Amino acid sequence: MIFPRNYLTRFEVARIISARSLQVALGAPYFVKVENFDPKKIAKEEFKRKLIPMTIRRTLPNGEKITVNIKEAIDNYLKIRGEV
């Protein structure tokens, strides 16, 4: 399978969700309405709705640095996993 340039690995997804849940737990504003305050659920819901306020920068093997469009990358990740 050929992955698009803007994609996320499962490791990146885990890192993004855990980093965002830590931010929320420490008092960062969040962008979804929830009934119970659970930082992990908030982070997962923000991920599904493509509301994660983060930037991903990658260094490629040839030394080139790229900035990944996170909304496009999440969309591609969800399409590949069949969750759209």
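Preceding this paragraph is the structure being described.
Going along each chain's sequence as written, the residues are numbered from 1 onward. A pLDDT threshold of at least 70 governs which residues receive local features in this predicted model, and a stricter bar of 80 or more applies before side-chain atom pairs are shown or counted, although totals over entire chains, interfaces and linings include all residues. In computing side-chain properties, one takes all heavy atoms of the structure into account and sets aside hydrogens as well as water.

Caption draft 1: Local environment of the nonpolar core. Nonpolar cores were defined as sets of buried Ala, Val, Leu, Ile, Met, Phe, Trp, Tyr and Cys residues, with membership established by side-chain atoms within 4.5 Å. Throughout, exposure labels follow a simple rule: accessible area from a 1.4 Å probe, protein chains only, divided by the maximum for the residue type, with under 20% read as buried, over 50% as exposed, and the rest as partly exposed. Leu 8, Ile 16, Phe 47, Ile 52, Ile 70 and Ile 74 are the most contacted members of the largest nonpolar core, which totals 17 residues. Elements that contribute at least two residues to this core include exactly α1 (10–25), α2 (39–48), β2 (65–68) and α3 (70–81). In DSSP terms, a helix is any run of H or I states spanning at least four residues, a strand is any run of E spanning at least two, and both are numbered starting from the N terminus. Take this core: its biggest share by element is five residues, from α3. Note on contacts: a residue pair is in contact if any heavy atoms of the two residues lie within 4.5 Å. Residues within four places of Leu 8 in sequence aside, it is in contact with Val 13, Ile 16, Phe 47, Ile 56, Arg 58, Ala 73, Ile 74 and Tyr 77.

Caption draft 2: Main features of the packing of aromatic side chains. Aromatic contacts are taken between Phe, Tyr and Trp rings whose centres are within 6.5 Å, Trp giving its six-membered ring; a plane angle under 30 degrees counts as stacked, one over 60 as edge-to-face, and the others as tilted. This structure, assessed with the given rule, holds two aromatic pairs. A centroid spacing of 6.0 Å and a plane angle of 80° characterise the contact between Phe 47 and Tyr 77, whose relative ring orientation is edge-to-face. Of this pair, Phe 47 sits in helix α2 while Tyr 77 sits in helix α3, and the two are 30 residues apart along the sequence. For the pair shown, Phe 47 and Tyr 77 are each scored as buried. In this scheme, Lys NZ or Arg CZ marks a charge over a ring once it lies within 6 Å of the ring centre and within 35 degrees of the ring normal. The ring of Tyr 7 has Arg 58 sitting right over it, with the charged end atom 4.8 Å from the ring centre.

Caption draft 3: Up close: the packing of α1 against α2. Between N-to-C directions, angles span 0 to 180 degrees; the directions come from axes that are lines fitted to C-alpha atoms, helices contributing only their stretch in contact. At a minimum axis separation of 8 Å, α1 and α2 run at an interaxial angle of 125°. Taken together, the axis directions place α1 and α2 in an arrangement best described as oblique. Crossing hand, α1 versus α2: right-handed. For the pair α1 and α2, contact is made by Val 13, Ile 16, Ile 17, Arg 20, Ser 21, Val 24 and Ala 25 and by Pro 39, Lys 40, Ile 42, Ala 43, Lys 44, Glu 46 and Phe 47, respectively. Nonpolar residues are Ala, Val, Leu, Ile, Met, Phe, Trp, Tyr, Cys and Pro. Charged residues are Asp, Glu, Lys and Arg, and all others, Gly as well, are polar. Across the contact of α1 with α2, the residue classes tally to nine nonpolar, one polar and four charged. Roughly parallel covers angles under 35 degrees, roughly antiparallel covers those over 145, roughly perpendicular covers 65 to 115, and oblique covers all other angles. The crossing is said to be left-handed when, going from far helix to near helix, the turn is anticlockwise and less than a right angle, and right-handed when the turn is clockwise.

Caption draft 4: The arrangement of α1 in detail. Take the residue count of a helix, subtract one, and multiply by 1.5 Å to get its expected span. For α1, built from 16 residues, the straight-helix expectation of 22 Å at 1.5 Å per residue is met to within 8% by its first-to-last C-alpha distance of 22 Å. Of all the residues in α1, the buried ones are Val 13, Ile 16, Ile 17, Ala 19, Arg 20, Ser 21 and Val 24. With its phi angle positive at about 105°, Gly 27 sits one or two positions after the end of α1.

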